[in-house]
Amino acid sequence: MTTRQRHIAHLHLHAALSEAQYDDVLELMSGITPHVQAVPPDAVQLDLTSALRYFDLSPYDVVQLAKMRLKGLYGIDSSAGLANNRMLAAMAADASAPGDTTWIPAGQAATWLYPRPVTALPGIGRVTATALTRYGLHTIGQVSDLPAGTLQRLLGTAQARLLAERARGHDPRPVTPKEPAAHLTADLVLDRDCLDPAQHHRAVLGLADRIGQRLRGERQVAGRITLTVRYADRSSTTRTRTLPEPANHSPAIAATALGLLTALGLQRARVRAYAIRADDLLPADSAYRQLSLDPGDTRARAAETAADRARRRFGSEAVRPAALTTATLRTSIE
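All figures in this text were calculated on a predicted structure; none of them were measured in a lab.

Colleague: Lay out the packing of aromatic side chains with the relevant residues and their values.
Modeller: Enumeration over the complete set of coordinates arrives at two aromatic pairs. Judged by centre distance (5.0 Å) and plane angle (90°), the rings of Tyr54 and Phe55 are edge-to-face. Considering the side-chain rings of Tyr60 and Trp103, the 6.3 Å spacing of their centres and the 20° angle between planes classify their relative orientation as stacked. One end of the pair, Tyr60, is in helix H3 (residues 59-74); the other, Trp103, is in strand S5 (residues 101-103), and 43 residues separate them in sequence. Given a relative accessible area of 31%, Tyr60 falls into the partly exposed group. A cation sits over an aromatic face here: Arg116 above Trp112, 3.8 Å from the ring centre.

So this is what it looks like as structure tokens:
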């Protein structure tokens with residue numbers, strides 16, 4: 001039985017990105033392969049192995065596709081490395097001029113590594129580099145040619161074994177996507193106390209919409225919603241409700257959140273802040289959804305998908321629910 005050859009790409013992003021912009025890049029890359037690992041603040045790694053058949057392109061051409069999407073959608077220039085493991089791909093990206101891609105084909109790793117300085121290997125700090133240089137070991141090739149026993153006497157058994165593996169271009173680490181969040185929270189703090197029920201409604205509706213956007217962006221669904229309202233005297237009330245079915249559809253989340261708000265009966269309450277928490281999170285592709293015969297529901301979900309695409313391209317404020325167009329509230333998401 002043969003092992004399928006891995007194809008790992010490492011992209012350096014030549015831009016100063018905010019956390020939100022970096023998250024947008026990760027989401028964009030997940031449209032090419034689900035195996036995306038963040039390397040903050042300005043790099044990302046992709047395991048392209050499963051994407052090659054889908055795109056029917058060579059590994060090199062898939063990397064160019066990723067770079068073109070970054071440039072076309074976000075104006076981000078990038079350089080890239082392509083190899084059969086994460087370490088080599090990162091080293092190849094480091095060796096690439098801005099805009100270029102360096103590909104180390106399978107079977108050529110040793111040749112490519114041989115003349116490079118030993119300090120180019122990941123994990124070689126100043127102390128280790130000084131020790132190696134003292135014995136005339138300046139290149140990766142010189143290290144890989146050294147007998148194992150000699151290297152162990154210089155560095156110790158564990159470090160020598162690790163260095164020897166890296167010098168031969170070995171790196172078994174998989175590309176590991178970011179662990180999904182255990183919960184999502186959206187909160188809103190008002191500049192002054194609020195007594196207006198209509199404003200309470202708009203605030204909770206806006207938070208529910210943002211929670212829905214975030215869930216869809218992370219391809220998750222929530223099973224439970226918690227609403228917390230904090231008052232002018234710093235006391236608070238919290239209510240929790242399970243959704244009829246796990247969802248990331250903003251109207252479904254809003255209906256549950258607004259139901260919790262109504263149950264609080266805030267007719268005369270002086271409210272200073274609101275928070276919605278979504279938990280019992282599941283991957284969206286593993287959750288069930290009851291089929292609906294209502295064409296309005298189908299149209300609403302299609303419109304929501306289109307709105308999400310517009311937000312990814314033009315910013316989070318590009319599309320807003322009509323009920324929020326008059327609101328001027330400051331919102332944050334954790």
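Colleague: Before we move on, could you go through the nonpolar core and cite the residues and values that matter?
Modeller: In terms of nonpolar packing, the biggest core is built from 32 residues, with Tyr274 and Ile276 touching the most fellow members. Every element with two or more residues in this core is listed here: strand S6 (184-194), helix H10 (197-217), strand S7 (220-231), helix H11 (250-264) and strand S9 (271-279). Setting aside residues up to four positions removed in sequence, Tyr274 forms contacts with Ala186, Asp187, Leu188, Leu190, Cys194, Gln199, His200, Ala203, Val204, Leu207, Thr228 and Val229. Counting 28 residues, the second-largest nonpolar core is a separate cluster that includes Ile8, Leu88, Ala160 and Val175.

Colleague: Could you give an account of helix H9 (residues 157-167), with specific residues and numbers?
Modeller: Regarding H9, the residues found buried are Ala160, Leu163, Ala164 and Ala167. Seen from one end, H9 has its buried residues packed into an arc of 100°, which puts them on one side. What points out from H9, more than 90 degrees from its buried face, is the exposed set Ala158 and Arg161. On its buried face, H9 is in contact with helix H5 (109-113), helix H6 (126-134), helix H7 (140-145) and helix H8 (148-155). At the C-terminal side of H9, Gly169 shows a positive phi close to 80°.

Colleague: Lay out the pairing of strand S4 (residues 77-83) in plain terms, naming residues and giving numbers.
Modeller: For S4, the buried fraction is high: six of the seven residues fall into the buried class. Here strand S1 (residues 8-14) runs beside S4; their pairing, made up of seven bridges, is antiparallel. Bridge pairing in S4 links Leu11 to Ala80. One ladder, built from three bridges, connects S4 with S5; its direction is parallel. Counterpart to Gly81 in the pairing with S5 is Thr102. Handedness of the crossover joining S4 and S5 through helix H4 (residues 86-94) is recorded here as left-handed.

Colleague: Pulling in residues and values, what's your account of the pairing of S9?
Modeller: Counting buried positions along S9 yields seven of nine residues, so the element is predominantly enclosed. Judged from the seven bridges that link them, S6 and S9 form a sheet pairing that is antiparallel. By the bridge assignment for S9, Thr185 is matched with Arg277. Pairing of S7 with S9 involves eight bridges; the strand directions are antiparallel. From the neighbouring strand, Arg224 faces S9, where its bridge partner is Asp279.

Colleague: Talk me through unusual backbone geometry; I want residue IDs and the actual numbers.
Modeller: With an omega of 10°, the peptide bond between Pro40 and Pro41 qualifies as cis. Tracing the sequence through the fold places Pro41 in the loop between strand S2 (36-39) and strand S3 (43-47). Of note, Asp56 is a non-glycine position whose phi angle comes to about 55°, a positive value. When you line up the elements, Asp56 lands in the loop between helix H2 (51-55) and H3. In this structure Asp56 comes out as exposed when scored by relative accessible area, which is 68%. Despite not being glycine, Arg219 shows a phi value in the positive range, around 55°.

Criteria and cut-off values
- Residues numbered from 1 in each chain as written.
- Predicted model: local features only at pLDDT ≥ 70, side-chain atom pairs only at ≥ 80, totals over all residues.
- Heavy atoms only, no water.
- Phe/Tyr/Trp six-rings, centres within 6.5 Å; stacked < 30°, edge-to-face > 60°.
- Helix = DSSP H or I, 4+ residues; strand = E, 2+ residues; numbered from the N terminus.
- Buried < 20%, exposed > 50% of the residue type's maximum accessible area, 1.4 Å probe, protein only.
- Lys NZ or Arg CZ within 6 Å of the ring centre and 35° of its normal.
- Core = buried A, V, L, I, M, F, W, Y, C linked by side-chain atoms within 4.5 Å.
- Contact = heavy atoms within 4.5 Å.
- Arc of directions from axis to C-beta.
- Pairing = 2+ DSSP bridges.
- Right-handed = clockwise from strand over helix to strand, strands pointing away.

Purely spatial values, then, with no claim about function.
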